[in-house]
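Spelled out from the first residue to the last, the chains are:
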Amino acid sequence: MNTATAALAETLRKHESEILADWLKEQAAVPSRRNAVHEAETRTLSRDFLNAVQEAINGGAADDIRGAAWSRARDLLSELSASRAVHGQSPSETAMFVFSLKQPLFTWLRRDLEADKLAEALWAATLVIDRLGLFTTEAFQKSREDVIQRQQRELLELSTPVVELWDGILALPLIGTLDSGRTQVVMESLLEKIVQSGSTIAIIDITGVPTVDTLVAQHLMKTVAAARLMGADCIISGIRPQIAQTIVHLGVDLSAVTTKASLADAFMLALRRLGSRIEAAPARV
Amino acid sequence: MERIPILRMGRFLLVTIQVDMHDQLALTLQDDLTQRIVADRARGVLMDISSLDVVDSFIGRMISNIAAMSRVLDAQTVVVGMQPAVAITLVELGLDLAGVRTALNVERGMALLQQSEA
């Protein structure tokens, strides 16, 4: 441990409670969307973090915040970033947790040290705090990305329900743009459901698909072909007038697939194929 | 040598693939089946592939070929019980087995054969 970090460690040890108090004041001054409920939590967290930092600096590894000595401090920061990311705080608000430590720490270093040692100690402190700040931002970013990825996955699952309309008839209402990734999920869930329910007819409804280009058409054909291989017939329904025009203009050949304008028509056709029909109940007198 | 059994049910032949299909086995099956169709004067072939969970392009083509050969010998082929993963693989390989009839399970496949016979 060099003299600068030694001085830093000494100041942190001697004035721990004062620095903590000043730091909390600094944090409170930062405009934040967090309300008072979290104040106690912030206090505990700040105290733990200050302890962890002291521990790490005493461990003699002030330079290397990726090292083992900093693992506790890193864990605390990751946890903080994750919880703030979930609560919708901005990255700068989160990073201010670490950066607001600068002011109180520098104040106490200035009081403790002579001018010649002060510059070095300040430099050492700046390095440590900057690195921790960057680490916080990175951790914040990472937890945000995790949230986004999870939401993407959920969206994928949410948007591809396979519903059983009738005994032996499945419906697959597609909503949103179809890309390769989604088609894969759609195809898999449809085929699984065909096996599970023993259905022989599947209606793919594309009312909610905004545009149909050659790629989307190809994806649809693949799904139809896979369902046929398993022994189920597909009917594509919900083709809007503009989409019918686009399909023909693009030269996409859908002649191998039964198509219907509306889900109701497709359902009637499916019932007919199964040998069932719906009729009006006799009027009660 | 390992062989896939071919069972006779009335005028139909039932082929149940219960083992991992490898290339030689598929070729033997093709031989055996065509001979049996002629010998038994079969009108239909029901191929149950529900235990098959891995296919490659060769096996896909074999299934398609066997169906085509049966048709030449005037026997309908129905492939039944294809697993979702197998169906997806075949479609991705561009093998949509055009001309092969399919059904969900043996029971439905049999009904399909009887229907076309009637």
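Residues numbered from 1 in each chain as written. Chains lettered and ligands numbered in written order. Predicted model: local features only at pLDDT ≥ 70, side-chain atom pairs only at ≥ 80, totals over all residues.

### Topic: the overall build of chain B
Secondary structure assignment for chain B yields four helices and five strands. For chain B, the sequential pattern of α-helices and β-strands runs β-β-α-β-α-β-α-β-α. Counting over 118 residues, chain B shows a buried share of 38%. Considering only contacts within chain B whose residues lie at least 6 apart along the sequence, 80% involve residues at least 24 apart. (Helix = DSSP H or I, 4+ residues; strand = E, 2+ residues; numbered from the N terminus. Buried ≥ 20, exposed ≤ 12 C-beta atoms within 10 Å, placed from the backbone. Contact = placed C-beta atoms within 7 Å.)

### Brief notes about the interface of chain A and chain B
At the interface, 15 residues of chain A touch 13 residues of chain B. Residues that form the side of chain A that touches chain B fall into these classes: eight nonpolar, three polar and four charged. (Nonpolar A, V, L, I, M, F, W, Y, C, P; charged D, E, K, R; others polar.)

### Side note on the pairing of strand E1 (residues 163–166) of chain A
Sheet faces and side chains relate simply in a regular strand, where the side chains alternate between the two faces. Across three bridges, the pairing between E1(A) and strand E2 (residues 169–175) of chain A is antiparallel. Residue pairing in the sheet places Trp166(A) in a bridge with Ile169(A) of E2(A). (Pairing = 2+ DSSP bridges.)

### Side note on the sheet that holds strand E3 (residues 44–48) of chain B
Residue and element names in this part refer to chain B. Here we have five strands laid out as an open sheet, ordered E1-E2-E3-E4-E5, and mixed in their pairing. The sheet is open, and its two edges are formed by strand E1 (6–9) and strand E5 (101–103), each paired on a single side. Pairwise comparison of adjacent strand axes, ignoring direction, gives a mean angle of 25 degrees for this sheet. With four bridges joining them, E1 and strand E2 (residues 12–16) adopt antiparallel strand pairing. (Axes fitted to C-alpha atoms, helices over the stretch in contact; angles between N-to-C directions.)

### Details of the sheet that holds strand E4 (residues 233–237) of chain A
Residues and elements named next belong to chain A. If you walk across this open sheet you meet the five strands as E1-E2-E3-E4-E5, and the pairing is mixed. In the strand order of this sheet, the two ends are held by E1 and strand E5 (258–259), each with one partner. Lying on the sheet, helix H9 (residues 214–229) is in contact with strand E3 (201–208) and E4; it crosses E4 at an angle near 150 degrees.

### A look at the nonpolar core
In terms of nonpolar packing, the biggest core is built from 69 residues, with Ala202(A), Ile203(A), Ala226(A), Ala227(A), Met230(A), Val45(B) and Ala87(B) touching the most fellow members. With residues up to four places along the chain from it excluded, the contact list for Val45(B) reads Phe12(B), Leu13(B), Val15(B), Leu33(B), Ile37(B), Ser70(B), Ala75(B) and Thr77(B). (Core = buried A, V, L, I, M, F, W, Y, C linked by C-beta atoms within 7 Å.)

### Some thoughts on helix H2 (residues 57–72) of chain B
End to end, H2(B) covers 22 Å across 16 residues, agreeing with the expected 22 Å (1.5 Å per residue, within 8%). Phi turns positive, to about 60 degrees, at Asp74(B), one or two residues after H2(B). (Expected span 1.5 Å × (residues − 1).)

### Observations concerning the confidence of the model for chain A
In the predicted model, chain A carries a mean pLDDT of 85, and 95% of its residues have values of at least 70. Predicted confidence in chain A is weakest over helix H1 (residues 3–14) of chain A, with a mean pLDDT of 81, and strongest over E4(A), with 94. (pLDDT = per-residue confidence, 0-100.)

### Comments concerning unusual backbone geometry
In this structure, Arg41(B) takes a positive phi of about 50 degrees despite not being glycine. When you line up the elements, Arg41(B) lands in the loop between helix H1 (23–40) and E3.

### Overview of the packing of H9(A) against helix H3 (residues 84–92) of chain B
Contact pair H9(A) / H3(B): the axes reach a minimum separation of 9 Å and the direction vectors enclose 130 degrees. Considering the angle they form, H9(A) stands oblique to H3(B). Handedness of the H9(A)/H3(B) crossing: right-handed. Along its contact with H9(A), which presents Lys222(A), Ala225(A), Ala226(A) and Leu229(A), the element H3(B) presents Ala87(B), Ile88(B), Leu90(B) and Val91(B). (Parallel < 35°, antiparallel > 145°, perpendicular 65-115°, else oblique. Left-handed = near helix turned anticlockwise from the far one by under 90°.)

### Quick notes on the pairing of E2(A)
Residues and elements named next belong to chain A. Counting buried residues along E2, five of its seven residues qualify, which places the element largely inside the surrounding structure. Between the end of E1 and the start of E2, which pair antiparallel, lie two residues, with glycine 168 showing a positive phi angle near 95 degrees. In this region the chain leaves E2, passes through helix H8 (residues 180–197) and returns to the parallel neighbour E3; the handedness of that crossover is right-handed. (Right-handed = clockwise from strand over helix to strand, strands pointing away.)

### Side note on the environment of Ile63(B)
All names here are of chain B. Tracing the sequence through the fold places isoleucine 63 in helix H2. Residue isoleucine 63 is classed as buried on the basis of its 27 C-beta neighbours within 10 Å. The sequence separation of isoleucine 63 and isoleucine 49 amounts to 14 residues, and the corresponding C-alpha distance is 9.9 Å. The contact partners of isoleucine 63, leaving out residues within four places of it in the chain, are Val79 and Leu97.

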